[in-house]
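Now for the letters of each chain:
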Amino acid sequence: MQAPGSGLGTLMRHLLELLDGDVEKIYRAASLDYRPRFTPVMRALRDHGPLSIKEIAAYARVTHSAASQTVTAMKRKRLVSVATGRDARARTITMSRRAKRLLPRLEMMWIETNAAAKALNEELPMPLDPILRCAIDALERRSFAERIREQGSNKVAPPKAESRRTSRDV
């Protein structure tokens, strides 16, 4: 049941909880100790090899902080290793042998998840994917903070450069 006055953010968070919660249940049912937020990092490392947190954040379109938190969680689950990069401040993230062994099973699950998402899109009066892409593009052109200020609230601080990206977990 939807609460009265549920705003866009509340609806988006609830949708994400429904999607990610069920995907996580499927991973658990398959005896995989894996979270949906790990997928963009796994794909980045699969496609590009070792990367810095900054590169992972750019690939996944999340903040550096969100990427760093996800990598830390993945390290605890022995899915990645972290080494000091050429610059002592940078860290290089590499997929672990354990993650490489899991990758074929994960890729099969990603195919099934994408098929389920396609089926969901077909059930809706209009597919979510293009709407979400359009919304992201619009917000990357002009941030939500700017849009709020346009509505008359002069007390909203201008966004920092990185705050235009989503801070949602990877």
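The rules we used
- Residues numbered from 1 in each chain as written.
- Predicted model: local features only at pLDDT ≥ 70, side-chain atom pairs only at ≥ 80, totals over all residues.
- Heavy atoms only, no water.
- Pairing = 2+ DSSP bridges.
- Helix = DSSP H or I, 4+ residues; strand = E, 2+ residues; numbered from the N terminus.
- Contact = heavy atoms within 4.5 Å.
- Axes fitted to C-alpha atoms, helices over the stretch in contact; angles between N-to-C directions.
- Phe/Tyr/Trp six-rings, centres within 6.5 Å; stacked < 30°, edge-to-face > 60°.
- Lys NZ or Arg CZ within 6 Å of the ring centre and 35° of its normal.
- Patch = residues over 30% accessible without salt bridge, like charges linked within 9 Å, V, L, I, M, F, W, Y side chains within 5 Å.
- Areas by Shrake-Rupley, 256 points an atom, 1.4 Å probe, with all protein chains shown as cover.
- Salt bridge = Lys/Arg side-chain N within 4 Å of Asp/Glu carboxyl O.
- Lys, Arg positive; Asp, Glu negative; His and termini not counted.
- Charge placed at Lys NZ, Arg CZ, Asp CG, Glu CD.
- Buried < 20%, exposed > 50% of the residue type's maximum accessible area, 1.4 Å probe, protein only.

### Observations regarding the sheet that holds strand S1 (residues 51-52)
Part 1 of the reasoning: An order of S1-S3-S2 is seen for the 3 strands of this open sheet, with the pairing classed as antiparallel. Edge positions in the sheet fall to S1 and strand S2 (80-84), since each has one partner strand and no second.
Part 2 of the reasoning: Lying over the sheet, helix H2 (residues 39-48) contacts S1, S2 and strand S3 (91-95), oriented at roughly 90° with respect to S3.
Part 3 of the reasoning: Strand contacts of helix H4 (residues 64-76): S2 and S3, with the helix running at about 115° to S2, the strand carrying the most contacts.

### Quick word on the packing of aromatic side chains
Within a pair of aromatic rings, the relevant descriptors are the distance that separates the centres and the angle that separates the planes.
Part 1 of the reasoning: Here the structure, examined in full by the defined rule, presents 2 aromatic pairs.
Part 2 of the reasoning: One residue, Arg43, lies across the ring of Trp110, its end atom 4.5 Å from the ring centre.

### Some details on a positive patch on the surface
Part 1 of the reasoning: Together, Arg78, Arg97, Lys100 and Arg101 line one region of the surface with positive charge.
Part 2 of the reasoning: Take Arg78: it is sitting in the loop between H4 and S2.
Part 3 of the reasoning: The exposure class assigned to Arg78 is exposed, which follows from its relative accessible area of 56%.

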